[in-house]
Amino acid sequence: NCYVVPGGCASGGGASPAPKHDKSVLKLDRAMSLEKATIGTPNATTFEIEIATPLYPFSLRCISAQEANLWHRRLQEEARASALFSETQDEKIKQDLNRAQLDRYEFFQNERDFVFNLTKVAEDLRMNDRAERKKLAPDMMAELEIPSSVYLPLCNSTDLWRRVSKTMAKETKVFNTKERCPVIMHFASRRGETRNGKKVDPNLDVAEYMHDYFNIGEEGAMEILAEGDEEEAVAEAPEAVAETQPLSWRKLLGREKVEVVPKQDGDDTDYHSAQEIDDDDPLTPDHEMEESMHSNSNVWEGEDGEAPKRGARIKNFLKDNVGALPQKLNRRVQMERYRSKSVIDRQTSVQPLVPILEGTRGEKAAEDLENASVGGSVVSIERSSVMVKDTVVLGTLDEGDIDIESIDRAKIYVSGGQVWAEKSATMLEEAKQDLVDEKEMVQLEISSCLSKSNDDLRQEVFIMQMIHFYKSVFAQAKLPLWLKTYRILSTSSSTGLLEFLTDATSLDGLKKSEGYPTEGGLRAYFEMVYGGPNSKAFKAAQTNFIQSLAGYAIVSYLLGLKDRHNGNIMIDTRGHVIFIDFGFALGMAPGHEFSMERAPFKLTKEYIEVMGGIKSEGYKEFEKLFVKGFTEARKNSQIALGMVEIMMYKSNYPCFSGGRYGGGKALVGFEKRLMLSVPDKQVERRAKKLIRKSKQHLGTYLYDVFQKATNGYEI
């Protein structure tokens, strides 16, 4: 941390300020990373150390030479701690790689550098004054260097491959906060390009693209072997053998059996195929290990049509090569398990597995559009629009029972007047100008992300995994509870990327939007946008609100989600609420033991009014969904407890560490909230008691008032 003191001197938070400065006048200016910082030599007279980060120079004044030397050493360690490989090491590594390995190395190195630069933009903006950040952001994004083949890593291997080609710098959006500077970034990405003279399928997924990108074919494989040393290129067979049995890429990968052994006589050639040597000929001692490795690896292989035999081969391999534990050691292990208090070990019965929901591609929108067909393949269209053959195909606009007129009214308040399909189409028209001179028009799509710095997202990743688990639990039980799961990638202990949530805004942003009702709150907004209480659109949006609120009420209670002000709760154009920002979870809360958020979950008067009041059918539906969802969560308690216990082990997550939350307190609290000791027949009564306790809780209201006074969030 850096503190500004009168006179322009800055002092590091860990060192003592100069005697002439009173500690009471120190003011926290900013927190920063020391990566690649230049650390000066301590001044022999003033004991001052000059420090220059890439964006912000400051000095640290100590009270003695001994303290100055100690801080100098620590600062130097911090300045070089983040570098995994130096540039010199990178060059040495590259020298030892063949061509195929170098291709892979450079691909992933470029991807790593690209992601680092994305988070660096957020960090660099944070170092500037808050008033200047929005002005600087577009220029910084325009200067961002994009390697030849990179993608936004917020995806699965089965998601569509989208190669980032350029930044949409003018569309960059910055959120100004006191501690950090999140940045929304948009990119024009390409699909269906020509590669190696062949048109790539526009619906190619990431794994398929990787396979195609690194597949160099048989000729390339022979060239690689020719470049290597004799020890590496063990398949350098004599010319005659190469002519009769060409070396294929499958053999290089070990999918076909190829054995090369030294010839036993004094022939001029160095190596012969194993087929030319009798089975009775012994191998030399130097190659016994190599032969053993070949025989073991064949357990995992098999000729075409022998797939059913591979399972038996694997079992035999494990039986022959993996020995049993010694009897004494086995008894000791069993005793330790018996003594353990782990929730995993206490499980007395095997619970059924919960199939985890996976994302699906939306492929229906393009089927009836003649411009969406490329080379016989229908281009997959999701919520983002896609440019196909110089024509922009609008993304999916299926909003269920909510009519398009209601969505048009909602988007004015939620998404700045355009839903994401329309917004992305506008950006594509702008990006198309760069393709005028190209011979071939490729498929363009907008990819987006949220970049954050000075924030450890590892805990948020775990909480999102837990929410995803409960979403899968509810789906398996066929409960209409709605939860929004989005991707979070923690790239370091202080940086990360998050999926950009489209067609949604925070409740704080909604309430501050022009035209929002001055009286009546959310209920008045729903009626203004979706129509009267008896209209089809209003009932659909109200149902969306109830189902999503019930889902988040359950996970908020079970996972102990706090800091639920209106800046951390979003609403979309269809009426769903979405919870974000999980920095306080599993017992953590702002203010700690003095926290105002004492309710099991947030259930305000405004939420109840949207449902229709306490005696309404909507409120009764909320109660019913909460009880059923909580019951299903209890049925799958051992899996959830196991996930928490595994992640808790030697964890430095804030919710698992420190005097307040360490020592297994999070797990104990989580288990208590699951009410496993409560008889099943009493669960419904206890669940409804949680609802009554949460309803219009004074602490919830006071926390909203506090957030409005300190951070300006609307109530």
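These numbers come from a predicted model, not from an experiment.

### Thoughts on the overall build of the protein chain
Part 1 of the reasoning: Along its length, the protein chain carries 24 helices and 23 strands.
Part 2 of the reasoning: By the burial criterion, 44% of the 715 residues in the protein chain qualify as buried.
Part 3 of the reasoning: For the protein chain, the share of sequence-separated contacts (at least 6 apart) that also reach a separation of at least 24 residues comes to 69%.
Part 4 of the reasoning: When the accessible area of the protein chain is evaluated, it comes to approximately 38800 Å², of which 50% is carbon and sulfur surface.

### Here's the deal with the pattern of salt bridges
Part 1 of the reasoning: For the structure shown, the criterion picks out 25 salt bridges.
Part 2 of the reasoning: When the shortest N-O distance is used, the salt bridge between Arg-112 and Asp-113 registers 3.5 Å.
Part 3 of the reasoning: By relative accessible area, which is 31% here, Asp-113 ends up partly exposed.
Part 4 of the reasoning: Here Arg-126 ties to Glu-123 by a salt bridge, and the two come within 2.8 Å at their closest N and O atoms. Within this pair, Arg-126 and its partner Glu-123 are both found in helix H3 (residues 99-126), separated by three residues, close to a single helical turn.
Part 5 of the reasoning: The class for Glu-123 is buried, based on a relative accessible area of 16%.

### Some thoughts on the sheet that holds strand E23 (residues 577-579)
Part 1 of the reasoning: Overall, antiparallel pairing links the three strands, which are arranged E21-E22-E23 in an open sheet. Each edge of the sheet is formed by a strand with only one pairing partner; in this case those strands are strand E21 (504-506) and E23. Pairs of neighbouring strands in the sheet enclose a mean axial angle of 35°, with direction left out of account.
Part 2 of the reasoning: Note: strand E22 (residues 569-572) against E23, three bridges, orientation antiparallel. Within the sheet, the bridge partner assigned to Met-570 lies in E23 and is Ile-578.

### Some details on a nonpolar patch on the surface
Part 1 of the reasoning: There is a patch of nonpolar side chains on the surface, built from Leu-698, Tyr-701, Leu-702, Val-705 and Ile-715 and spanning about 450 Å² of accessible area.
Part 2 of the reasoning: Relative to the helices and strands, Leu-702 resides in helix H24 (residues 698-711).

### Comments concerning the side chain of Arg-61
Part 1 of the reasoning: Checked against the element boundaries, Arg-61 lands in strand E6 (residues 57-61).
Part 2 of the reasoning: Reaching out from Arg-61, the side chain makes a polar contact with the side chain of Glu-48 at a distance of 3.0 Å.

### Side note on unusual backbone geometry
Part 1 of the reasoning: The phi angle at Asp-581 is positive, at roughly 60°, despite the residue not being glycine.
Part 2 of the reasoning: The topology assignment puts Asp-581 in the loop between E23 and helix H18 (605-611).
Part 3 of the reasoning: Taking relative accessible area as the criterion, Asp-581 reaches 26% and is therefore assigned partly exposed.
Part 4 of the reasoning: You will see that His-592, though not glycine, has its phi angle at about 55°, which is positive.
Part 5 of the reasoning: Checked against the element boundaries, His-592 lands in the loop between E23 and H18.

### Details of the packing of helix H14 (residues 458-476) against helix H17 (residues 536-559)
Part 1 of the reasoning: Interaxial distance between H14 and H17 falls to 11 Å at its minimum, and their mutual angle equals 130°. The pairing of H14 with H17 is recorded here as oblique in orientation. Like other packed secondary-structure pairs, H14 and H17 cross with a definite hand, here right-handed. Here Ile-463, Met-466, Ile-467, Tyr-470 and Phe-474 of H14 come into contact with H17, specifically with Ile-554, Val-555, Leu-558 and Leu-559.
Part 2 of the reasoning: Grouping the constituent residues of the contact of H14 with H17 by class yields nine nonpolar, no polar and no charged.

### Comments concerning the side chain of Glu-445
Part 1 of the reasoning: Structurally, Glu-445 can be placed in strand E18 (residues 443-453).
Part 2 of the reasoning: Of note is the side chain of Glu-445, whose polar atom sits 3.1 Å from the side chain of Arg-162.
Part 3 of the reasoning: Beyond its immediate stretch of four places on either side in the chain, Glu-445 contacts Arg-162, Phe-187, Ala-188, Ser-189, Arg-191, Ser-384, Ser-385, Val-386 and Leu-428.

### Regarding the sheet that holds strand E4 (residues 38-39)
Part 1 of the reasoning: One open sheet holds the three strands; their spatial order is E4-E5-E6, and the pairing between them is antiparallel. Each having just a single partner strand, E4 and E6 make up the two edges of the open sheet.
Part 2 of the reasoning: With two bridges joining them, E4 and strand E5 (residues 48-52) adopt antiparallel strand pairing. For Ile-39, the partnering residue across the bridge sits in E5 and is Ile-51.

The rules behind these values
- Numbering of residues starts from 1 in each chain and follows the order in which that chain's sequence is written.
- For this predicted model, a pLDDT threshold of at least 70 governs which residues receive local features, and a threshold of 80 or more governs which side-chain atom pairs are given and counted, while totals over whole chains, interfaces and linings are taken from all residues.
- Side-chain calculation: all heavy atoms of the structure are included, whereas hydrogens and water are not.
- Strands here are runs of E lasting at least two residues and helices are runs of H or I lasting at least four, both read from the DSSP assignment and numbered beginning at the N terminus.
- We call a residue buried when its accessible area falls under 20% of the maximum for its residue type, exposed when it is over 50%, and partly exposed in between, using a 1.4 Å probe and counting protein chains only.
- By the convention used here, residues are in contact when the closest approach between their heavy atoms is within 4.5 Å.
- Per-residue accessibility takes into account occlusion by the displayed protein chains alone, with areas from the Shrake-Rupley method and a 1.4 Å probe.
- Salt-bridge detection follows one rule: a side-chain nitrogen of Lys or Arg within 4 Å of a carboxyl oxygen of Asp or Glu.
- Here, strands pair whenever DSSP counts at least two bridges between them.
- Helix axes are fitted only over the stretch in contact, all axes being lines through C-alpha atoms; the angle between N-to-C directions runs from 0 to 180 degrees.
- Exposure above 30% relative accessible area and the absence of a salt bridge qualify a residue for a patch, where like charges join within 9 Å and nonpolar side chains (Val, Leu, Ile, Met, Phe, Trp, Tyr) within 5 Å.
- Polar contact is the term for a pair of N or O atoms within 3.5 Å; when the atoms are in protein, one must be able to donate a hydrogen and the other to accept it, and sequence-neighboring residues count only if both atoms are side-chain atoms.
- Each angle receives one of four descriptions, namely roughly parallel if under 35 degrees, roughly antiparallel if over 145, roughly perpendicular if within 65 to 115, and oblique otherwise.
- Crossing chirality is assigned from the near helix's rotation relative to the far helix, an anticlockwise turn below a right angle marking it left-handed and a clockwise turn marking it right-handed.
- All amino acids are sorted into three groups, where Ala, Val, Leu, Ile, Met, Phe, Trp, Tyr, Cys and Pro are nonpolar, Asp, Glu, Lys and Arg are charged, and the leftover types, Gly among them, are polar.

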